[in-house]
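Close look at the chain arrangement
Spelled out, the chains give:
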Amino acid sequence: MAVNCDGERTQRMVIGSCNPNAFVGAWAREQGLTVVDSLPFPDVGGLVVVELPYGIDPNSEPPLIREKIKQDTINYFVEEDFLIRLTPRSLSPLSTVRSVQDGRQYYTITDTVAFPAQYVGPATCEALQFRPGVAMPSTAGGDNIVVTVIDSGADTLLSSAVWDRHAYRGSSTPFVQSDGLGYDFINGDFSPDDQLGHGTAVAGAIVSNYRGSRPLTLVHYKIFNGYGEATYFGAITAIYAAVQNGSDIINLSWGIPTEETPLALQCAIDYANDQGVIVVTSAGNETANVDTDPQWPAAYAGQDTFPNLITVASYVDENDALSLASFSNFGAQSVTLAAYAAAEAPKLGATATGSTVYGTDVVYGTSISTPLVTRELATILSNLPPDDSTAIDHLLALLQQQLQADQTRNGGVLLPLQCTTVP
């Protein structure tokens, strides 16, 4: 809800179509509707945001938008431009004490929110430690693996230490400049500075320990503000922009919990699939069955129409036994696999400008399990011939062990690579 210049309460509605021949924007303006935003990609379908008086039901009351669109356009839909929120549990830090013995780093992790002590992965698994320097930096004109993170941005104070090595080196677009980090869809500029910490941690999990044979480009698209809120339309626009900038993989560590399928989101995910882009998304942290209590886009996984979508749950390793994390969502149909529940990642605001010294946290949640899968997919893609579409098949082949407690809840477990046993 908003207030216009006349002091009237208004509501924002998304009018759209997946059909590129449905000129929804032109139609809306012809009807005298106030168009406040529109999708800036001419060949992917129509999508506009209109402002209506608060309380008007576009499905049944004047101006009867649905009926008019049905008559004049193709494959229409009308949805509220609602807010997408990251819940406090979507990614949380664990307190970490770092020590060195015999030249080797050890981590003692204390769970500050009373989760069990099974989150000891970074102490025993190199792949879960934050080691960004091993990733091959992006190159100009080279055959880079391009990963776009649509989240809360990245801590730009880390640029010289971490992100600049993987800046976008392609031709500038309206949403990412050459040698740039990405785009802020909230403020409309090319500085996607993280105010939340979520995007910084997610991007850190991807760039750390990437060992692919091709350079890694990491694009940061900021849609969430410091309160963890993003507009639905902003998220949709970012997905289209990520496809347009040549992404191989899009990471979405968030979701929309609603019974009805978000149709504009479905169009965007379908477009990414059609362009051969892999979308990796989180299952969520509400201990819910995504098959019956859907979160989107997670619930699209497993459908034949979305072969390039992977939904990720979280598992833990306690007493040498793997099990689904207590907080993790699940779903026999909707959840593709589970990855480890925690990893070390850079801490927001712990870096001075221009410094290469930074702090880290161990963070947990399906939001961090998701980029671990994204990173492994990027590594697999880098070792395949260009345009090879079998990366997901290769990933699933890496499932080394099925969940033993209840195999109907998840498709399997992705064990992190480079794991070592600490005596």
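Look up a bit, the structure's there.
Here the residue index of a chain counts from 1 through its sequence in written order. Restriction of local features to residues with pLDDT of at least 70 applies here, the model being predicted, together with a cutoff of 80 or more for giving and counting side-chain atom pairs; totals for whole chains, interfaces and linings are based on all residues. To obtain the side-chain values, all non-hydrogen atoms of the structure were used and water was disregarded.

**Observations regarding the packing of helix α5 (residues 232-244) against helix α6 (residues 263-274)**
Angle between the axes and distance between the axes: these two values describe a pair of packed helices. What counts is decided by this rule: Between the N-to-C directions of two axes lies an angle of 0 to 180 degrees, each axis being a line fitted to C-alpha atoms and, for a helix, fitted only over the stretch in contact. Only DSSP runs of H or I covering at least 4 residues are called helices, and only runs of E covering at least 2 are called strands; the numbering of each starts at the N terminus. Comment on the angle field: the value is read as roughly parallel under 35 degrees, roughly antiparallel over 145, roughly perpendicular from 65 to 115, and oblique elsewhere. It only takes one pair of heavy atoms within 4.5 Å for two residues to be counted as in contact.
Orientation of α5 relative to α6, taken along the N-to-C sense of each, is 10 degrees, at an axis distance of 10 Å. Taken together, the axis directions place α5 and α6 in an arrangement best described as roughly parallel. Contacts from Tyr-232, Ile-236, Ile-239, Tyr-240, Val-243 and Gln-244 of α5 reach α6 at Leu-263, Ala-264, Leu-265, Cys-267, Ala-268, Ile-269, Tyr-271 and Ala-272.

**With respect to the nonpolar core**
What counts here: Here, nonpolar core means buried Ala, Val, Leu, Ile, Met, Phe, Trp, Tyr and Cys residues that are tied together by side-chain atoms lying within 4.5 Å of each other. Only protein chains enter the area calculation, which uses a 1.4 Å probe; residues under 20% of their type maximum are buried, those over 50% are exposed, and those in between are partly exposed.
Counting residues in hydrophobic clusters, the biggest one holds 60 residues, and the most contacted among them are Trp-163, Val-373 and Leu-377. It is helix α7 (residues 366-382) that contributes the most residues to this core, seven residues altogether. The residues contacting Trp-163, other than those within four sequence positions of it, are Ala-154, Asp-155, Leu-158, Leu-181, Thr-200, Ala-203, Gly-204, Val-207, Leu-218 and His-220. Ranked by size, the runner-up nonpolar core spans 52 residues in total, among them Phe-233, Ala-238, Leu-265 and Leu-309.

**Quick look at α7**
So the rule is basically this: Expected helix span is taken as 1.5 Å per residue step, with the number of steps being one fewer than the number of residues.
Helix length check: α7 (17 residues) gives 24 Å between terminal C-alpha atoms against 24 Å at 1.5 Å per residue, within 8%. For α7, the buried fraction is high: 17 of the 17 residues fall into the buried class.

**Quick look at the state of the cysteines**
Condition: Whenever a pair of cysteine sulfur atoms sits within 2.5 Å, that pair is classed as a disulfide.
Summed over all chains, the structure comprises one disulfide. Sulfur-sulfur distance for the disulfide between Cys-18 and Cys-267 comes to 1.5 Å. What sets the handedness of the Cys-18 and Cys-267 disulfide is the S-S torsion sign, and at about -80 degrees it is left-handed. Of this pair, Cys-18 sits in the loop between β2 (9-17) and α1 (24-30) while Cys-267 sits in helix α6; the two residues are 249 residues apart in sequence, bridging distant segments of the chain. Exposure remark for Cys-18: the relative accessible area of 39% places this residue in the partly exposed category.

**Observations regarding the packing of helix α4 (residues 198-207) against α7**
The test is simple: Two helices cross in a left-handed way if the nearer one is turned anticlockwise from the farther one by less than a right angle. They cross in a right-handed way if the turn is clockwise. The residue classification treats Ala, Val, Leu, Ile, Met, Phe, Trp, Tyr, Cys and Pro as nonpolar and Asp, Glu, Lys and Arg as charged. All others, Gly included, are polar.
Contact pair α4 / α7: the axes reach a minimum separation of 7 Å and the direction vectors enclose 30 degrees. Of the possible angle classes, the one that applies to α4 and α7 is roughly parallel. In this structure, α4 crosses over α7, and the sense of that crossing is right-handed. In this structure, α4 contributes His-198, Ala-201, Val-202, Ala-205 and Ile-206 to the contact, and α7 contributes Ser-367, Ile-368, Pro-371, Leu-372, Thr-374 and Arg-375. By residue class, the composition of the contact of α4 with α7 is seven nonpolar, three polar and one charged.

**Some thoughts on the side chain of Asp-184**
Considering the arrangement of structural elements, one finds Asp-184 in strand β10 (residues 182-184). Since its relative accessible area comes to 2%, Asp-184 is described here as buried. If we skip the residues at most four places from it in the chain, Asp-184 touches Asp-189, Ser-191, Pro-192 and Lys-222.

**Considering the side chain of Asn-245**
Which entries qualify depends on this criterion: In the analysis that follows, any N or O atom pair within 3.5 Å is treated as a polar contact, provided that within protein one partner can donate a hydrogen and the other can accept it, and provided that, for residues neighboring in sequence, both atoms belong to side chains.
Inspection of the secondary structure assignment puts Asn-245 in the loop between α5 and β13 (249-252). A residue is classified by how much of its surface remains accessible, and Asn-245, at 6% relative accessible area, is buried. Within the structure, the side chain of Asn-245 is placed 2.9 Å from the side chain of Tyr-221, a separation counted as a polar contact. Look past the residues within four positions of Asn-245 in its chain and what remains in contact with it is Val-146, Thr-148, Tyr-168, Val-176, Val-219 and Tyr-221.

**A closer look at the pattern of salt bridges**
Selection rule: Counted as salt bridges are all cases of a side-chain nitrogen of Lys or Arg within 4 Å of a carboxyl oxygen of Asp or Glu.
Summed over all chains, the structure comprises seven salt bridges. With a shortest N-O distance of 3.0 Å, Arg-214 and Asp-143 are connected by a salt bridge. Here Arg-214 is found in the loop between α4 and β11 (216-222), whereas its partner Asp-143 is found in the loop between α3 (121-124) and β9 (145-151), with 71 residues between them in sequence. Residue class for Arg-214 comes out buried when judged on its relative accessible area of 14%. A relative accessible area of 39% places Asp-143 in the partly exposed class. One salt bridge in this structure joins Asp-184 and Lys-222, with 3.5 Å as the shortest N-O distance. With Asp-184 in strand β10 and Lys-222 in strand β11, this pair connects stretches of sequence that are 38 residues apart.

These results come straight from atomic positions and should not be treated as a statement about function.
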